[in-house]
Amino acid sequence: MKKFIMLLNEELKRGARFYLLALIVLVGLELVSVVYQILSYQSEVEQYMKVERVSQLEAIRLAGGLFGFGDATAYFQYIIAIAMMLTFLLASQIWYRDWFGESKYIYRLLMLPGRRFTILLSKLTAVMLTVASFIGVQWIVILVSGFLFRSMTPDDLMESKQLFGENRILSMFYTFNIVDTLIILLVTALVVSFVFLVVLIERSYRKRIAILQVMLDAALLIIPLVGLVYFFETTHLLHPNQITTFVIGYPLLYFVYVYWKSIRLLNHKISI
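A brief look at the structure comes next. (Residues numbered from 1 in each chain as written. Predicted model: local features only at pLDDT ≥ 70, side-chain atom pairs only at ≥ 80, totals over all residues. Heavy atoms only, no water.)

With that out of the way, let us pick up the overall build of the protein chain. Helix and strand content of the protein chain: 10 helices and two strands. Along the protein chain, helices and strands appear, N-terminal first, in the series α-α-β-α-α-α-α-β-α-α-α-α. Here the C-alpha atoms of the protein chain give a radius of gyration of 24 Å, more than 25% beyond the 19 Å that 2.2 N^0.38 yields for 272 residues. Expressed as lengths along the three principal axes of its C-alpha atoms, the size of the protein chain is roughly 75 × 55 × 35 Å. Counted over contacts in the protein chain with a minimum sequence separation of 6, partners at least 24 positions apart contribute 82%. For the protein chain, the computed accessible surface area is about 16300 Å², with 68% contributed by carbon and sulfur atoms. Computed over 24 positive and 18 negative side-chain charges, the separation of the two mean positions in the protein chain equals 20 Å. (Helix = DSSP H or I, 4+ residues; strand = E, 2+ residues; numbered from the N terminus. Rg over C-alpha atoms; globule rule 2.2 N^0.38 Å. Contact = heavy atoms within 4.5 Å. Areas by Shrake-Rupley, 256 points an atom, 1.4 Å probe, with all protein chains shown as cover. Lys, Arg positive; Asp, Glu negative; His and termini not counted. Charge placed at Lys NZ, Arg CZ, Asp CG, Glu CD.)

Listed below in structure tokens is the structure:
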């Protein structure tokens, strides 16, 4: 446990600058996008009223209807997509930075006493803590965005009932629901673990063998999952709830496999 805490603290310190810079930029983009969307909509309505010489009600209709919070946060989905790509970049960078550079930090890690699985666990925990803290910051951003929306949008232009429109993923991200948050974290953990596995395979084998190994591991997740779901749905052997349980359970089993294989590569393939 002492080794794990030491390694986790080291990973968090080494990645703090990258995380804080990315966080400031993304939060800034989100808040600026909210202000831009509000001002842009008001300008569009005013433009219709002046040019077309119509009433405010007709101008609102021409502008697409009342302005809702989902419209104000329309760019959030793209910013969240950028954050996801940065997470995958961090998941690979957290390993590769140990191999490259003058210090060759990875060799110091491998020479530490104790089991090597703590190296993997500390890196995974560091990434997951980063993602969890980002979600927490997003909850604050959504509160600030709501304040900007209510204070800058006139009541006669505001659609107060609309939250995030029809974007189910974005709604899930900002529901303040613990279950939704845990699902996001579990999916992130699975994807990040697979990125870890890809890096460790690339470090363990020659290029052609590494590519083949990655393809086989990806196929092990996709083909059985898609094939069995299709089979169950066409044959009706399982009820919809049972199929949902399988869709959730299989990736969890795959996560165990990915973690086991990553530990095996660390212990037997990667050497000093």
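In terms of nonpolar packing, the biggest core is built from 39 residues, with Trp95, Trp99, Leu120, Val127, Phe196, Leu200 and Leu266 touching the most fellow members. Elements with a minimum of two residues in this core: helix H1 (2-51), helix H4 (76-99), helix H5 (105-111), helix H6 (117-152), helix H8 (178-204) and helix H10 (240-268). Considering each element in turn, this core owes the most residues, 11 residues, to H8. In this view, Leu266 contacts Trp95, Leu110, Arg116, Leu120 and Leu200; residues no more than four positions away in its chain are not counted. Membership of the second largest hydrophobic core comes to 25 residues, among which are Val45, Ile60, Ile79 and Phe149. (Core = buried A, V, L, I, M, F, W, Y, C linked by side-chain atoms within 4.5 Å. Buried < 20%, exposed > 50% of the residue type's maximum accessible area, 1.4 Å probe, protein only.)

Here the focus is the pattern of salt bridges. In total, this model carries three salt bridges according to the counting rule given. The salt bridge involving Glu11 is made with Lys123; its shortest N-O contact spans 2.7 Å. A residue pair is termed long-range when its members are at least 10 positions apart, and Glu11 in helix H1 and Lys123 in helix H6 qualify at 112 residues. A relative accessible area of 0% places Lys123 in the buried class. (Salt bridge = Lys/Arg side-chain N within 4 Å of Asp/Glu carboxyl O.)

Quick look at the packing of helix H9 (residues 207-235) against H10 now. Packed helices, taken two at a time, are described by the angle their axes make and the gap between the axes. Remark: H9 packs on H10, axes separated minimally by 11 Å, with the N-to-C direction vectors making an angle of 165°. The orientation of H9 with respect to H10, classified from their angle, is roughly antiparallel. Of the two elements, H9 crosses H10, and the hand of that crossing is right-handed. Packed against H9, whose contacting residues are Gln213, Asp217, Ala218, Leu220, Leu221, Pro224, Leu225, Leu228, Val229, Phe232 and Glu233, the element H10 presents Ile243, Phe246, Val247, Tyr250, Tyr254, Tyr257 and Lys261 at the interface. Here the residues of the contact of H9 with H10 sort into 14 nonpolar, one polar and three charged. (Axes fitted to C-alpha atoms, helices over the stretch in contact; angles between N-to-C directions. Parallel < 35°, antiparallel > 145°, perpendicular 65-115°, else oblique. Left-handed = near helix turned anticlockwise from the far one by under 90°. Nonpolar A, V, L, I, M, F, W, Y, C, P; charged D, E, K, R; others polar.)

It is worth spelling out the side chain of Ser92 at this point. For Ser92, the location among the structural elements is in helix H4. Classification of Ser92 by relative accessible area gives buried; the value is 18%. Looking at Ser92, its side chain comes within polar contact range of the main-chain oxygen of Leu89, at 2.9 Å. The residues contacting Ser92, other than those within four sequence positions of it, are Val195 and Val199. (Polar contact = N/O pair within 3.5 Å; in protein donor to acceptor, adjacent residues only side chain to side chain.)

Structurally, Thr73 can be placed in the loop between helix H3 (69-72) and H4. Residue class for Thr73 comes out buried when judged on its relative accessible area of 0%. A polar side-chain atom of Thr73 sits 2.9 Å from the main-chain carbonyl oxygen of Phe69.

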